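Spelled out, the chains give:
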Amino acid sequence: MTDYLLKTKRLGLRNWTQSDIAPFVAMGKDPEVMRYFPSVLTKQESVAFIERIQEHFILHGFCYFAVDVLETGEFIGFTGMLHQNFSSPYTPNVDLGWRLKKSAWSQGYATEAANACIEAAFTTFGLAKVVAFAPSSNVASQRIMEKIGMRYLGDFQHPKLRDDPRFSHCVAFGKSR
């Protein structure tokens, strides 16, 4: 039986396991999944990302959690929270983020998992505020932010994407306890 840290009606959110590496690497190589990022990820970049997430979990008790569909046990991506300290008017702060594989899109999974994370941020993890970031062109993510009750905070130039005009203009949404 899987130890889920958070559960919704359809989803289980948990820490990462070795069995998540291969499907996460495949997600990172999918140009559709990575459409709002500068490039697809190599296997090494995906593994390093998981390692950083696991280190964050050890330090803070939360992270971008691996997400499974409860009915099937299928890994579909991640949703969760991570401290961000890049230079912007909205950092340092705890970022609420998600990335799901293409076959999990348009089923309400991101909204459902993000709602669970927002609730846990305030009740379980004692956070006062969470923020979410997206390139201004990523309207689907902005809709999720609105659906879960986040409010628009403003636009900014993302310093890590400054050299990529496709994604440098970003929006920030936030929600406080």
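Residues numbered from 1 in each chain as written. Predicted model: local features only at pLDDT ≥ 70, side-chain atom pairs only at ≥ 80, totals over all residues. Heavy atoms only, no water.

A.B. asks: How do you make sense of the packing of helix α1 (residues 21–29) against helix α2 (residues 43–60) when you look at a structure like this?
C.D. replies: At a closest axis distance of 9 Å, the pairing of α1 and α2 adopts a crossing angle of 120 degrees. As summarised for this structure, α1 and α2 are arranged oblique, according to the angle between their axes. Where α1 crosses over α2, the handedness of that crossing is right-handed. Every residue of α2 that contacts α1 at I21, F24, V25, G28 and K29 is listed here: K43, S46, V47, F49 and I50. The residue inventory of the contact of α1 with α2, partitioned by class, reads six nonpolar, two polar and two charged. (Axes fitted to C-alpha atoms, helices over the stretch in contact; angles between N-to-C directions. Helix = DSSP H or I, 4+ residues; strand = E, 2+ residues; numbered from the N terminus. Parallel < 35°, antiparallel > 145°, perpendicular 65-115°, else oblique. Left-handed = near helix turned anticlockwise from the far one by under 90°. Contact = heavy atoms within 4.5 Å. Nonpolar A, V, L, I, M, F, W, Y, C, P; charged D, E, K, R; others polar.)

A.B. asks: Where do I start with the packing of aromatic side chains in this structure?
C.D. replies: For any two aromatic rings, the description comes down to two numbers: the centre-to-centre distance and the angle of the planes. In the structure shown here, the tally under the stated rule is 14 aromatic pairs. Between Y152 and F173 the ring centres are 5.7 Å apart and the planes differ by 75 degrees, which places this aromatic pair in the edge-to-face class. Remark: F173 occurs in strand β8 (residues 169–176) and Y152 occurs in strand β7 (residues 151–157); sequence separation between them is 21 residues. Taken together, the ring pairs in this structure connect W16, F24, F49, Y64, F75 and F78 into an aromatic cluster. In this structure, R99 is placed above the aromatic ring of F37, and the distance from its NZ or CZ to the ring centre is 4.5 Å. The residue whose ring lies beneath R99 is F49, and the NZ or CZ to ring-centre distance is 5.4 Å. (Phe/Tyr/Trp six-rings, centres within 6.5 Å; stacked < 30°, edge-to-face > 60°. Lys NZ or Arg CZ within 6 Å of the ring centre and 35° of its normal.)

A.B. asks: Explanation requested: the side chain of Q142 in the structure shown.
C.D. replies: Along the chain, Q142 turns up in helix α4 (residues 139–147). In this structure Q142 touches P135, S136, S137, V171 and F173, once residues within four positions along its chain are discounted.

A.B. asks: I tried to follow the pattern of salt bridges on my own but got confused; where do I start?
C.D. replies: If you walk through the whole model with that rule in mind, you get four salt bridges. The residue R14 makes a salt bridge to D20 at a minimum N-O spacing of 2.7 Å. Ionic pairing is found between D68 and R14, a salt bridge with its closest N-O pair at 2.7 Å. Here R14 lies in strand β2 (residues 11–14) and D68 lies in strand β3 (residues 64–69), a separation of 54 residues in the sequence. (Salt bridge = Lys/Arg side-chain N within 4 Å of Asp/Glu carboxyl O.)

A.B. asks: Sorry if this is basic, but what is going on with the environment of R166 here?
C.D. replies: Take R166: it is sitting in the loop between β7 and β8. With 129 residues separating them along the chain, R166 and F37 place their C-alpha atoms 8.9 Å apart. For R166, the contacting residues outside a window of four places in its chain are F37, P38 and S137.

A.B. asks: How do you make sense of the pairing of β3 when you look at a structure like this?
C.D. replies: Every other side chain in a regular strand lies on the same face of the sheet, so the side chains alternate between the two faces. Taking burial as the measure, the six residues of β3 include six buried ones, the bulk of the element. Relative to β3, β2 is paired through four bridges, and the arrangement is antiparallel. From the neighbouring strand, G12 faces β3, where its bridge partner is D68. Hairpin connection of β3 to strand β4 (residues 75–84): five residues between the antiparallel strands, including G73 at a positive phi of 80 degrees. (Buried < 20%, exposed > 50% of the residue type's maximum accessible area, 1.4 Å probe, protein only. Pairing = 2+ DSSP bridges.)

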